[in-house]
Amino acid sequence: MYPSDYRYTKEHEWIKVTGETGTIGITDYAQHELGDVVFVEMPALGTKITSGQVFGTVESVKAVSEIFAPVSGEVTEANAALTSTPETVNNDPHGAGWLIKVKLANPAEVSGLMDAAAYQAFVSEKETSA
Amino acid sequence: MNDVHRRLNAKMVNFGGWDMPVEYSGIVAEHMATRTAAGLFDVSHMGEIEVRGGRALDLVQRVTCNDASKLAVGQAHYSGLMNERGTFVDDLLVHKISDTHYFLCVNASNQDQDFEHIRAHNRAGAQIENAGERYSQLAIQGPKALGILQRFTTAPLDSIHYYHFVFGQVDGADCLIARTGYTGEDGFEIYFAPEHSEKLWSALLDAGSEQGMLPCGLGARNTLRLEASMCLYGHEIDETTTPWEAGLGWICKPGKGEFLGRDILVRQKEAGVDRALVGFEMQDRLIARDACAVSIAGRPAGRVTSGSPAPFLKKNIGMAYVPAASKAPGTEISIGIRANDAPARIVPMPFYKRAKV
């Protein structure tokens, strides 16, 4: 379910690191909790985002959810396809439904995030208590 | 019913003490199914209050603003439960079962306070029963609702007029079958003893799924009623709003005689309201949400009461209170959404009206 080469946050974002670039999205758990995604608000290119701070918004029919930066960095790309097909966040949250790419300011931050097994355990616990 | 909903993978939420399904397959799919085929809603949380006896009509007339004396046996109407200030204790459906028996369907979270309010004003000596525990309710709504429900009952559904009801059996269970709803579609709301809940739900769902019916949760119920411009208690109406302000003058009948809040309502009608409920459409991609601030020409003007994407209309819509002088369709307004002042335009309501067959 959760790709083993990604890292995860307690706010249900994921990041995949390739060299100095991190691709960021929301997890399958998050898209399922939100329901039908209808709008994604993302930062402009060049925006500096800070680990733990809000950088964007994902809206479903019923709710607005802020998206927190898993790491610090500078936005190099936003997923323009989501403007016309925001439902891709539901259909392929860990792939084509990615939100932004950033140039990592401090690659060491990544190791502080959960790996797939830890995240799976984290959401399993939430599902049991729900 | 909880287990039944969970087996359908419903997302559940605590709603005024009730564990309720928010969505099953997704709000958009459920909303579209109800507009184009049918939707099945478990609305057993809704409250029921029964008023009986020779003074039943007197009491209903005293606490509600619509004119219940105009109801025929087997007819229902939408009304407001009023307080002395002419504002809403609740909104409700009043069904006339007989000259001495009225059946009220009220909001779940208001049921107990509604009952106490009615009892406190029962000077005439009517018998009042807080009957929520004795009823479950399912709503089957949409263009295919009649055909699906008809398979389970000998009651001639097609001959029940809109906002009328009959008593009949559905799949062997005794039901009050009303042609009412909260979606803007044709359909029925059926009331029955709770022990029949699971059987009726499963039977209707099995039969309806062949025709595209989906089980629907509170999420789709909200987007459907918003597209149809129906008020939701706690949003468009509450203890601070009057029927005139909420655009509900059609349920407020001061000419019927004395009722709670009548004098204030008569004066407000003569003087005119200061604010009015309007519908609006967003002019860009931002989505207005409940409680967002509204401004007109840079001045604070009111608040959004309900805002959401409208899945069938494919627009972002909402309702809001604005100064009465600014209520005309076409008026440009701004909605405060996060850091943005997002442009919106007042439009006529209802946003959605089904094509009459």
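Residues numbered from 1 in each chain as written. Chains lettered and ligands numbered in written order. Predicted model: local features only at pLDDT ≥ 70, side-chain atom pairs only at ≥ 80, totals over all residues.

1. Topic: the nonpolar core
Using the following cut-off: One nonpolar core equals one set of buried Ala, Val, Leu, Ile, Met, Phe, Trp, Tyr and Cys residues connected by C-beta atoms within 7 Å. Here the C-beta atoms are placed from the backbone, and a residue counts as buried if at least 20 other C-beta atoms lie within 10 Å of its own, exposed if 12 or fewer do, and partly exposed otherwise. Note that contacts rest on C-beta atoms placed from the backbone: two residues are in contact if these are within 7 Å.
If you look at the biggest cluster of nonpolar residues, it comprises 125 residues, and the most contacted ones within it are V60, V94, L104, L138, I140 and I190 of chain B. Not counting residues up to four positions away in its chain, the partners in contact with I190 of chain B are Q137, L138, V170, C175, L176 and I177 of chain B.

2. Notes on the domain arrangement of chain B
Size of an interface: often given as the accessible area lost when the parts come together. Residues and elements named next belong to chain B. Using the following cut-off: Domain boundaries shown here were taken from an automatic or database domain assignment. Under the DSSP-based scheme used, a helix requires at least four consecutive residues in state H or I and a strand at least two consecutive residues in state E, with every element numbered from the N terminus. Classification used: nonpolar for Ala, Val, Leu, Ile, Met, Phe, Trp, Tyr, Cys and Pro, charged for Asp, Glu, Lys and Arg, polar for all others including Gly.
Domain parsing of chain B yields domain 1 (2-44 + 135-227), domain 2 (47-120) and domain 3 (249-347). With centres defined by C-alpha atoms, the gap from domain 2 to domain 3 works out at 27 Å. Of the residues lining the interface, 17 residues belong to domain 2; the matching set on domain 3 comes to eleven residues. Only α3 (56-63) and β5 (75-82) provide two or more residues apiece to the side of domain 2 that touches domain 3. If one sorts the elements of the side of domain 2 that touches domain 3 by residue count, β5 sits on top with four residues. Residue composition of the side of domain 2 that touches domain 3, grouped by class: four nonpolar, nine polar and four charged.

3. Overview of the sheet that holds strand β17 (residues 315-323) of chain B
All names here are of chain B. What counts here: Strand pairing requires that DSSP identify at least two bridges connecting the strands. Here the axes come from fitting lines to C-alpha atoms, over the contacting stretch only for helices, and the angles between their N-to-C directions go from 0 to 180 degrees.
Sheet architecture is closed into a barrel: six strands sit in the order β14-β17-β16-β15-β18-β19, paired in antiparallel fashion. The average angle at which neighbouring strand axes cross in this sheet is 40 degrees, direction not considered. Summarising the sheet, strand β14 (residues 275-282) and strand β19 (residues 340-347) pair through four bridges and their orientation is antiparallel. Across the sheet, residue F280 finds its bridge partner in β19, namely I346.

4. Focus: the confidence of the model for chain B
The following threshold applies: Scored from 0 to 100, pLDDT records how confident the predictor is in each individual residue.
A residue-level look at chain B finds 100% of positions with pLDDT of 70 or above and a mean pLDDT of 96. Overall fold confidence for the complex sits at a pTM of 0.95, while the interface term, ipTM, reaches 0.88.

5. Quick word on the sheet that holds strand β3 (residues 21-26) of chain A
Note on sheets: strands pair through backbone hydrogen bonds, and any given pair is parallel or antiparallel. If you trace the six strands from one edge of the open sheet to the other, you get β1-β2-β3-β9-β8-β5 (chain A), paired in antiparallel fashion. Each having just a single partner strand, β1 (7-8) and β5 (48-49) of chain A make up the two edges of the open sheet.

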